[in-house]
Amino acid sequence: PLAEVRERLASDPALAQGGASRCVVRAATERWAGPAPAALISAGMSHIADQPEFMNAARLGQILRVIEQGSPLDRMMAETVEGQAAVRVGLDESPTLAACSLVSYALPGSPWGALGVLGPRRMDYARVLAVVDAVGNRVTDLLHG
């Protein structure tokens, strides 16, 4: 796992002897310092079409394109406190998502990831927040438990 590679590179100076290997070690360490870019995996996108706010085909098409692209949703999901569910109402990072809210949970530690629910601003926040928090905690337990 990458975490073990990072630890080994940091603790074993013999690995970094010689100019070429030092360059590789430095580049790998810098690259692995942050979360690795990953595709946004989405499920249940068809449910958004059932919401009155998104029944307009042009509006729905714009939202689905943003979901397929991943950004800025992936960034917004990751910019929360790890291990806690968070609510963002009216996503102003993208004009297309201004009528949406996001309830997300950034998974703590490694491997990096996040999960969330994107929906209309009038969603049942108490229910969605409870579900996202419970699922996030369970996924965390499975990954680190």
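Only a predicted model underlies this, so the values are computations on that prediction, with no experimental measurement involved. (Residues numbered from 1 in each chain as written. Predicted model: local features only at pLDDT ≥ 70, side-chain atom pairs only at ≥ 80, totals over all residues. Heavy atoms only, no water.)

**Student:** Explain the environment of D74 to me, and be specific about the residues and the numbers.
**Tutor:** With respect to the helices and strands, D74 occurs in helix α4 (residues 73-78). Distance in space between the C-alpha atoms of D74 and G116 is 9.7 Å, their sequence separation being 42 residues. (Helix = DSSP H or I, 4+ residues; strand = E, 2+ residues; numbered from the N terminus.)

**Student:** Break down helix α3 (residues 57-69) for me, citing the residues and quoting the values.
**Tutor:** When the terminal C-alpha atoms of α3 are compared, their 18 Å separation across 13 residues agrees well with the 18 Å that a helix rising 1.5 Å per residue should span. Within α3, the full set of buried residues consists of L60, G61, I63, V66 and I67. Buried-residue contacts for α3 involve α4, β2 (100-106) and β3 (114-120). Of the residues that open α3, the one with a side-chain oxygen 2.9 Å from the backbone nitrogen of A58 is N56. Backbone geometry just downstream of α3 places G70 in the positive-phi region, at approximately 90°. (Expected span 1.5 Å × (residues − 1). Buried < 20%, exposed > 50% of the residue type's maximum accessible area, 1.4 Å probe, protein only. Contact = heavy atoms within 4.5 Å. Polar contact = N/O pair within 3.5 Å; in protein donor to acceptor, adjacent residues only side chain to side chain.)

**Student:** Lay out the environment of I41 with the relevant residues and their values.
**Tutor:** Here I41 lies in the loop between α2 (19-31) and α3. A sequence separation of 26 residues divides I41 from I67, and the C-alpha atoms of the two residues are 9.1 Å apart.

**Student:** Provide a residue-level description of the pattern of salt bridges, including the pertinent values.
**Tutor:** Two side chains carrying opposite charge are able to pair once their charged atoms lie near each other. Considering all chains together, one arrives at four salt bridges under this definition. The salt bridge involving R88 is made with E79; its shortest N-O contact spans 3.8 Å. Its relative accessible area of 49% is what places E79 among the partly exposed residues. The salt bridge partner of E93 is R88, with a shortest N-O separation of 2.0 Å. The class of E93 is partly exposed, set by a relative accessible area of 30%. Under the relative-accessibility criterion, R88 is labelled partly exposed at 22%. Here the salt bridges share partners, and the residues they tie into one network are R75, E79, R88 and E93. (Salt bridge = Lys/Arg side-chain N within 4 Å of Asp/Glu carboxyl O.)

**Student:** Give a detailed account of helix α5 (residues 125-144), specifying residues and quantitative values.
**Tutor:** One turn of the α-helix equals 3.6 residues, which is why residues spaced by three or four share an orientation. Here α5 is 20 residues long and its end C-alpha atoms lie 28 Å apart, about the 28 Å a rise of 1.5 Å per residue gives. V128, V132, G136 and T140 are the residues of α5 that are buried. Down the axis of α5, the buried set is contained in an arc of 95°. They therefore lie on one face. Facing away from the buried side of α5 by more than 90 degrees, the exposed set consists of A126, R127 and L142. Those residues of α5 hidden inside the fold are in contact with β1 (85-89), β2 and β3. (Arc of directions from axis to C-beta.)

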